[in-house]
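# Tertiary structure, described
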Amino acid sequence: MDDRYDTGPEGAAGHVPVLLERVLALLGPALTDRPAVVVDATLGLGGHAEALLRKHPRLTLVGIDRDPAALAHSAERLTGFAGRIHLVHAVYDRMPEILDELGLSGVEGILFDLGVSSMQLDQPERGFAYALDAPLDMRMDQSGDTTAADVLNGYPVPELARVLREYGEERFAMRIAQAIDRERRVAPLRSTAQLAELVRQAIPAATRRHGGHPAKRTFQALRIEVNAELAAVRVAVPAALEALAVGGRIVVLAYHSLEDRIVKQAFAALASDTTPPDLPVPLAEHGPQLRLLTRGAEQASDAEIAANPRAASVRLRAAERIRIPA
């Protein structure tokens, strides 16, 4: 969901969706000149959704987002397509249940644009950005129970270090966790600015000079933990593949190596022939269920990154359903 606000013709409501033309090109063959259903599992500000609905007049779109503010924004943006959209407040791992409630047994297109959206990053009170001082919140759905402050002030040091190491790929996870523990013994951590400065001081000076803001990885790790993002991806991607009709296509934009690894493994499992190796010929019923549409993970071009810096870390993978198992 890493979209950038745009002050162009659409004004403040507009934004630049990451890899928009590539997403349209990959999904297009499954949607063109026919009634079709697409699930935008991470609706965000609705940029990809709007482009898909404009390009395919017979398309019905199911838009899912855990953030009520994002849903409200997209509902207004997509008001001209009211008869062709279903917007649902949920985490995307509930996709099978949502499709069942809508009476949809299979869909022709699925899009995941993982990560945090522009609106969440650019609203200081949400606490996602290390460059803006705000309460330590980071909940994508603000009705959720656990905040970043709860994690920072409540997790034991080894567990906090694990979160920073696994989800932020932070080399100095234990040093940072110990610095947080020293600080919270004096008073609970409350603000993003306080945390960002604490992390900066905990990291060796030589390391601070490279790789961007020293708190970036810590903030990423906390956001993933607070919103249980990787757990949702592990459930949602295989479920989405199961919902894809023959000829249907799925596109996933990931912004973190752990997300991308989950997607890669889920695609690979269904793109392989599972005929037992001791048989002389492949068996049709063990043939691949997916055809991979990208060679590895595609990245944004230098031109796109220059226009939209939040595309810098994107990794795109896509696949087409070619067989339903018996």
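Residues numbered from 1 in each chain as written. Predicted model: local features only at pLDDT ≥ 70, side-chain atom pairs only at ≥ 80, totals over all residues. Heavy atoms only, no water.

What follows deals with the overall build of the protein. For the protein, the count of helices and strands is 14 helices and nine strands. Put simply, the protein has 326 residues, and 52% of those count as buried. For the protein, restricting intrachain contacts to residue pairs at least 6 apart in sequence, the fraction spanning at least 24 positions comes to 69%. Only carbon and sulfur atoms are counted for the fraction: they give 53% of the accessible area of the protein, which is about 14,600 Å². (Helix = DSSP H or I, 4+ residues; strand = E, 2+ residues; numbered from the N terminus. Buried < 20%, exposed > 50% of the residue type's maximum accessible area, 1.4 Å probe, protein only. Contact = heavy atoms within 4.5 Å. Areas by Shrake-Rupley, 256 points an atom, 1.4 Å probe, with all protein chains shown as cover.)

Three or more residues of helix H9 (residues 192-202) are buried, namely Thr192, Leu195, Ala196, Leu198, Val199 and Ala202. Viewed along the axis of H9, the buried residues span an arc of 165 degrees, placing them on a single side of the element. In this structure, the buried residues of H9 make contact with helix H6 (148-154), helix H8 (173-186) and helix H11 (216-226). (Arc of directions from axis to C-beta.)

As a further point, take the sheet that holds strand S3 (residues 36-40). The strand order across the open sheet formed by seven strands is S5-S4-S3-S6-S7-S9-S8, and the pairing between neighbours is mixed. Looking at strand neighbours, the two that pair on one side only are strand S5 (85-89) and strand S8 (290-292), the edges of this open sheet. The mean inter-strand angle of the sheet, taken between neighbouring strand axes irrespective of direction, is 15 degrees. Pairing between S3 and strand S4 (residues 59-65): five bridges, direction parallel. (Pairing = 2+ DSSP bridges. Axes fitted to C-alpha atoms, helices over the stretch in contact; angles between N-to-C directions.)

Following the sequence through the fold, Thr147 ends up in the loop between helix H5 (118-122) and H6. Take Thr147: its relative accessible area is 13%, and that puts it in the buried class. Beyond its immediate sequence surroundings of up to four residues, Thr147 is in contact with Leu136, Asp137, Arg139 and Val226.

Quick look at the packing of helix H1 (residues 20-31) against helix H2 (residues 47-55) now. With their axes 11 Å apart at the nearest point, H1 and H2 run at an angle of 45 degrees to one another. Here H1 is positioned oblique relative to H2, judged by the angle of their axes. Relative to H2, H1 is oriented so that their crossing is right-handed. Where H1 abuts H2, its residues Leu20, Val23, Leu24, Leu27 and Leu31 lie against His48, Ala51, Leu52 and Lys55. For the contact of H1 with H2, the per-class residue count stands at seven nonpolar, one polar and one charged. (Parallel < 35°, antiparallel > 145°, perpendicular 65-115°, else oblique. Left-handed = near helix turned anticlockwise from the far one by under 90°. Nonpolar A, V, L, I, M, F, W, Y, C, P; charged D, E, K, R; others polar.)

Within S3, five of the five residues are buried, which leaves it mostly tucked inside the rest of the structure. Residues Ala36, Val38 and Asp40 point to one face of S3 and Val37 and Val39 to the other, with burial holding for every one of them. Crossover handedness for the path S3 to H2 to S4: right-handed. With three bridges connecting them, S3 and strand S6 (residues 107-113) associate as parallel partners. Each residue of the ladder has a partner; that of Val39, found in S6, is Ile110. (Right-handed = clockwise from strand over helix to strand, strands pointing away.)

Although it is not a glycine, Met138 adopts a positive phi angle of roughly 70 degrees. Mapped onto the fold, Met138 is located in the loop between H5 and H6. Exposure remark for Met138: the relative accessible area of 0% places this residue in the buried category. A positive phi angle, close to 50 degrees, is found at Glu169, a residue other than glycine.

All right, on to the packing of helix H7 (residues 157-168) against H8 then. Look at H7 against H8: their axes get within 8 Å of each other, and the N-to-C directions meet at 135 degrees. Taken together, the axes of H7 and H8 are oblique relative to one another. In this structure, H7 meets H8 at a crossing whose hand is right-handed. Contacts between H7 and H8 pair Val157, Leu160, Ala161, Leu164 and Arg165 from the former with Ala173, Met174, Ile176, Ala177, Gln178, Ile180, Asp181 and Arg184 from the latter. Along the lines of polarity and charge, the residues of the contact of H7 with H8 split into nine nonpolar, one polar and three charged.

Our next topic: the nonpolar core. In this structure, Val39, Met95, Ile110, Phe112, Leu195, Ile250 and Phe267 are the most contacted members of the largest nonpolar core, which totals 66 residues. The greatest single-element share of this core, amounting to eight residues, is contributed by helix H12 (residues 229-243). The contact partners of Ile110, leaving out residues within four places of it in the chain, are Leu27, Val39, Met95, Ala240, Leu244, Arg249, Ile250 and Val251. Judged by nonpolar contacts, the second largest core, of 31 residues, contains Val23, Leu53, Leu111 and Leu293. (Core = buried A, V, L, I, M, F, W, Y, C linked by side-chain atoms within 4.5 Å.)

Let us look at the pattern of salt bridges. Counted by the stated rule, this structure contains 15 salt bridges. Salt-bridge contacts for Arg77 lead to Glu50; the nearest nitrogen and oxygen are separated by 2.7 Å. Of this pair, Arg77 sits in helix H3 (residues 68-77) while Glu50 sits in helix H2, and the two are 27 residues apart along the sequence. With respect to class, Arg77 is no different from Glu50; both count as buried. Salt-bridge contacts for Glu159 lead to Arg162; the nearest nitrogen and oxygen are separated by 2.8 Å. Within this pair, Glu159 and its partner Arg162 are both found in helix H7, separated by three residues, close to a single helical turn. Classification of Glu159 by relative accessible area gives partly exposed; the value is 31%. (Salt bridge = Lys/Arg side-chain N within 4 Å of Asp/Glu carboxyl O.)

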